[in-house]
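Analysis of the macromolecular model
What follows is the residue order along each chain.
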Amino acid sequence: MAEVRGVDTWREELASLLEDTSGLLYAGETTSLPPFNEAESTEAVAGIVESGNEMEPPPETLKEQMTEFLKSWCEMLLELGRGCKDILQQTVVTEDSFIVQKLGGPVSKVSGRLRFLNEYLPEDRDPVHAWPVIFFVFILALSALNLNGHGGVAPPPVKKVVVHPPSASKIQLPDGRRLAYREIGVPADEARFSIIAPHSFLSSRLAGIPGVKISLLEEFGIRLVTYDLPGFGESDPHPSRNLNSSAFDMLHLAEAVGVNDKFWVLGYSSGSMHAWAALRYVPHKIAGAAMVAPMINPYEPSMTKEEMRSIWGEWLPRRKLMYYLARRLPKLQSFFYRRSFLSGKHGRIDKWMSLSLGRRDEVLTQGATFEDFWHRDVEESIRQGNTKPFIEEAFLLVSNWGFSLADLQVQRKCYRRGIFPWLRFLYSKAECELAGFLGPIHIWRGMDDKAVPPAMMDHISRVLPGAIMHKLPNEGHFSYFFFCDECHRQIFSTLFGSPQGPLNQATDKGDIFSEGDVEEQSIASDSTEK
């Protein structure tokens, strides 16, 4: 009956529900078990224990904790930035704010002109958010290119400043200060011509005429005396120096080293301001002046607007900043000096002096000879490690000199002030005398000089028409004066004529350029012009 109905037994129905009939045992059934294996049982138990241990989470490492900490801080900073952004939008970037009222118009004009760039952005990108991201990526890429710009080549090692033992001769000035000096060429008693050369900024007595040969000085009978400005090298600082005190320091040096007659003064670059001062304050002791790439006060009141605009337009922004600080905030220059030439490390001259170099200057300054000279000169200049003399030197250049270059021009002055000179004028000719510097002034100007702009030389020619200007095609600020034997010979030949060797006291004493000769030549030339 059951088979006819097709009804399963209750055991088969239970097995179909569990879907496994092999693992069920029913009453009255038996099955055979495999033999017990102790080793397999031990491994199984061990596996169970290990699986139980794996369920426990391992302890966090310090790295993971720091990572989570930084993530939390970044999230906090992100929220802080969003909060600041909301504050700015609600307070600063509103139509009523001062900033929007002042800058809204110009910014709108600029953004309107640059709106065509938005065409290059995807259509679904907001320009306000897209352009800051593009700018940020551009800065990162530029930084990466700058870091990898050497192509894997390591930069040359930076040389450190070396302190050398003292080597200067010294004199004591009337105020008790010691002035360090150096002399080369012929001895004092055989000198046909004596030249005193004050050095320029970031230089020392070791500079003089860089690379000049002793044999050339002897050929012309020249005695070259150089000295350290107050606070530079081995010279004592001056408590309150100015260009007047600088001129008398030069005069006392000449007397102390035995220059009994007139001497020539040689000024190069910014050191020429001390030469100008000597022409103004001690003209009776100066036979003549040689100026190579001379600097003048960039704030000179007698300059025209065109001259001043042209001069300042030639300089690098950093150089303009240093001149501005020297005039307005001189003490702030100490910050820059401590991070450049007073940092204890050497550097390039164009970087430290904020100069742009011409082609010949670039070739010269990259040579080993110039580099060795420059490093040694800087080491001597900063020997005392004090910023004050450099701040004073920069301030002297841009402050009121106390005179104008026009005061050096030879001119006839007649004194008629007061009642007695007026009465004398009625019955006789007025007393007149020549004023200004009566000796010759020679100026050498490199036409490719980037440190001394052409407008500065044009101003000198305008206010000193009697100065003799020598234009040097293709020459820069350094190329004509540094390590150029032929250039040095040309300078000496221009100043002193044909070389005559050292002075023979028995026969040649009368050939020395004297004060009377200078005055007679000047008066003669003045009368000839008339």
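Residues numbered from 1 in each chain as written. Predicted model: local features only at pLDDT ≥ 70, side-chain atom pairs only at ≥ 80, totals over all residues. Heavy atoms only, no water.

Once that is clear, we can look at the overall build of the protein chain. Along its length, the protein chain carries 20 helices and 10 strands. Of all 530 residues assigned to the protein chain, the portion counted as buried reaches 37%. The long-range fraction of contacts in the protein chain, counting pairs at least 24 apart against all pairs at least 6 apart in sequence, stands at 77%. Only carbon and sulfur atoms are counted for the fraction: they give 58% of the accessible area of the protein chain, which is about 32400 Å². (Helix = DSSP H or I, 4+ residues; strand = E, 2+ residues; numbered from the N terminus. Buried < 20%, exposed > 50% of the residue type's maximum accessible area, 1.4 Å probe, protein only. Contact = heavy atoms within 4.5 Å. Areas by Shrake-Rupley, 256 points an atom, 1.4 Å probe, with all protein chains shown as cover.)

Right, let's talk about the packing of helix α11 (residues 317-328) against helix α16 (residues 388-398) for a bit. α16 packs onto α11 with a crossing angle of 90° between their chain directions and a minimal axis gap of 8 Å. Here α16 runs roughly perpendicular to α11, going by the angle between their axes. Residues Y323, A326 and R327 of α11 lie in contact with α16, whose contacting residues are A394, F395, L397 and V398. Looking at the contact of α11 with α16 residue by residue, the class counts come to six nonpolar, no polar and one charged. (Axes fitted to C-alpha atoms, helices over the stretch in contact; angles between N-to-C directions. Parallel < 35°, antiparallel > 145°, perpendicular 65-115°, else oblique. Nonpolar A, V, L, I, M, F, W, Y, C, P; charged D, E, K, R; others polar.)

Attention now goes to unusual backbone geometry. You will see that L202, though not glycine, has its phi angle at about 55°, which is positive. Looking at where L202 falls in the secondary structure, it is placed in the loop between β3 (193-198) and α7 (214-220). The phi angle at F483 is positive, at roughly 55°, despite the residue not being glycine. Looking at the secondary structure, you find F483 in the loop between β10 (468-472) and α19 (485-496). Looking at F483, the relative accessible area reads 31%, which means it is partly exposed.

It is worth spelling out the packing of aromatic side chains at this point. What the rule picks out here adds up to 31 aromatic pairs. Taken together, a centroid distance of 6.4 Å and an interplanar angle of 50° make the contact between W352 and W374 tilted. Taken together, the positions of W352 in helix α13 (residues 349-352) and W374 in helix α15 (residues 368-381) put the pair 22 residues apart, joining distant regions of the chain. Relative accessible area serves as the criterion here: at 7%, W374 is assigned to the buried category. Judged by centre distance (5.8 Å) and plane angle (50°), the ring pair of W401 and F403 falls under tilted. The buried category is assigned to F403, whose relative accessible area is 7%. A connected cluster of aromatic rings, assembled from ring pairs, spans F201, F232, Y337, F341, W352, W374 and F390. It is R327 that lies over the ring of Y299; its NZ or CZ is 4.3 Å from the centre. (Phe/Tyr/Trp six-rings, centres within 6.5 Å; stacked < 30°, edge-to-face > 60°. Lys NZ or Arg CZ within 6 Å of the ring centre and 35° of its normal.)

On to the state of the cysteines. Summed over all chains, the structure comprises one disulfide. Residue C484 pairs covalently with C487 via a disulfide, S to S 2.1 Å. Taking the torsion about the S-S bond as the criterion, the C484 to C487 disulfide, at about 60°, is right-handed. This pair shows no difference in class: C484 is buried, exactly as C487 is. (Disulfide = S-S within 2.5 Å.)

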